[in-house]
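# Understanding the architecture of this molecule
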Amino acid sequence: MENPLLAEILKQIEESPEGRIPFAQYMELALYHPEWGYYQRDRVKLGREGDFFTNAHVGELYGLVLGRLYAKWIRRFASVGEWAVVEMGAGDGRLAEQVGKGLCDAGIPPEQIRFHLVEISPFHRQSARERLAALPVSYCIHRRLPEIPPVKVAFIYSNELVDAFPVHRIKKDGGLLLESWVSKGEDRKLAEKWIPLGTDSADLLKLGSDLRDGEMLEVPLAARGWLQEVARWLNEGILVTIDYGASTRVLKQKKGTIRGYRKHRVIPDILETPGEIDLTCDVNFSLLEEWGESEELMMVANLTQAEFLLQSGIAGLLPAAVPTDPFSPEAKRVRAIKQLIHPQAMGESFRILIQSKGLEINRGQNLF
């Protein structure tokens, strides 16, 4: 039986005037098609039984640290009843559960916490409802950010969300700027074609103008739309973006970072089984800074995960004495902290971008 999403993509290719669709359109369909897209399917995607892990699966420390940091910001920038916490791309609610605990541990009364989760996947929204139902913190779950009533001050964060936004792929070869398109190959399979970049792609032409021969860049124009939506909904507050990625300078030398995952294994052919694998791409933090500032989201800090967690006080969660039992909770906590901050684990591959709107925060000012 043919993959129904593959059949739909082939249909769109055949109906297009050029006989092909941009890679960004393919990625949008593969991940977010309303019926057959990867994130719309009723199946476990996160954790040991899914296709990938996130920071929230390394114990409960990440959300605990983040919640305690948010408690400091709430006391500094907001008054009772005027604020809310929002997680974008909340998945199954695991990280929100940890952040809520961190807020409570830091002395924020549960009845004062207004916590909103935004998640497009029906399967994940239901999983989050079940996970969070019995907790003392009031969690509201939405499909879109505009569904949340406006508040005076909001503290918004995302964890491994932007890496799943569709990207345009461009490269320079032989002095020409090319863009990746997806067309029909042999035996109803999909094939990638590199086509000279059209003059109607102003954003891509601008970004590609600095490429050298052999360099490639993945451009998440969908992330720009997301930043616009966040900035226009946000009255005052702070946006924290947690993801793996780097600057434009670093990324354009990598010759592409798009990849697929199934059951924690890299899938070499990302065109073979659309809708059945996760697709992800390193985040371009330079573009998030630039696009954010055009929407009044001012960059406050851009840190490696190790820098962020250490400045946020994760070292204070280490046990007082070195654990002797490798299976003890204390030993597991030590291993989790090492995994989160070690440069050869998650410590330097992940970055945290902090942007603010309407608050008196100067770039580089201590927020920790």
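Residues numbered from 1 in each chain as written. Predicted model: local features only at pLDDT ≥ 70, side-chain atom pairs only at ≥ 80, totals over all residues. Heavy atoms only, no water.

The name that an unreviewed UniProt entry assigns to the chain is SAM-dependent methyltransferase, with the source organism given as Thermoactinomyces daqus.

### Quick notes on the environment of Gly313
Definition in use: Secondary structure elements are defined from DSSP: runs of H or I of at least 4 residues count as helices, runs of E of at least 2 residues count as strands, and each element is numbered from the N terminus. Exposure is judged per residue with a 1.4 Å probe applied to protein chains only, and the accessible area is read against the type maximum: over 50% gives exposed, under 20% gives buried, and values in between give partly exposed.
Its location among the elements puts Gly313 in the loop between α10 (305-311) and α11 (329-341). Residue Gly313 is classed as partly exposed on the basis of its relative accessible area, which comes to 36%.

### A word on empty space enclosed by the protein
The condition is simple: Whether a set of points on the 1 Å grid over the protein atoms alone is a cavity depends on a 1.4 Å probe fitting there but being unable to get out, while an open set qualifies as a pocket with protein on both sides within 12 Å along at least five of seven lines; lining residues are those with an atom within 4 Å of a point. Grid points are joined across faces, edges and corners, and a volume is the space filled by probe spheres set on the points. The classification used treats Ala, Val, Leu, Ile, Met, Phe, Trp, Tyr, Cys and Pro as nonpolar, Asp, Glu, Lys and Arg as charged, and all other residues, Gly among them, as polar.
Taken as a whole, this structure holds two cavities of 30 Å³ or more when the rule is applied. The volume enclosed by the largest cavity comes to roughly 50 Å³. Lining the largest cavity, in full, are Val162, Asp163, Phe165, Val167, Glu218, Pro220, Cys281, Asp282, Val283 and Asn284. Along the lines of polarity and charge, the residues of the lining of the largest cavity split into six nonpolar, one polar and three charged. Taken as a whole, the second largest cavity holds about 40 Å³ of empty space. Across the lining of the second largest cavity, the residue classes break down as four nonpolar, one polar and two charged.

### So, the packing of aromatic side chains
Two numbers describe a pair of aromatic rings. These are the distance of the centres and the angle of the planes. Our working definition: Aromatic rings from Phe, Tyr and Trp, with only the six-membered ring used for Trp, were paired whenever their centres fell within 6.5 Å, and each pair was classed as stacked if the ring planes differed by under 30 degrees, edge-to-face if by over 60, and tilted otherwise. The criterion is that NZ of a Lys, or CZ of an Arg, lies within 6 Å of the ring centre and within 35 degrees of the ring normal, and then a charge sits over that ring.
Counting across every chain of the model gives ten aromatic pairs. Chaining the aromatic ring pairs together yields one cluster made of Tyr70, Trp73, Phe155 and Tyr157. Over the ring of Phe23 we find Arg169; its NZ or CZ atom is 5.3 Å from the centre of that ring. The aromatic ring of Trp194 is capped on one face by Lys171, whose charged end is 4.3 Å from the ring centroid.

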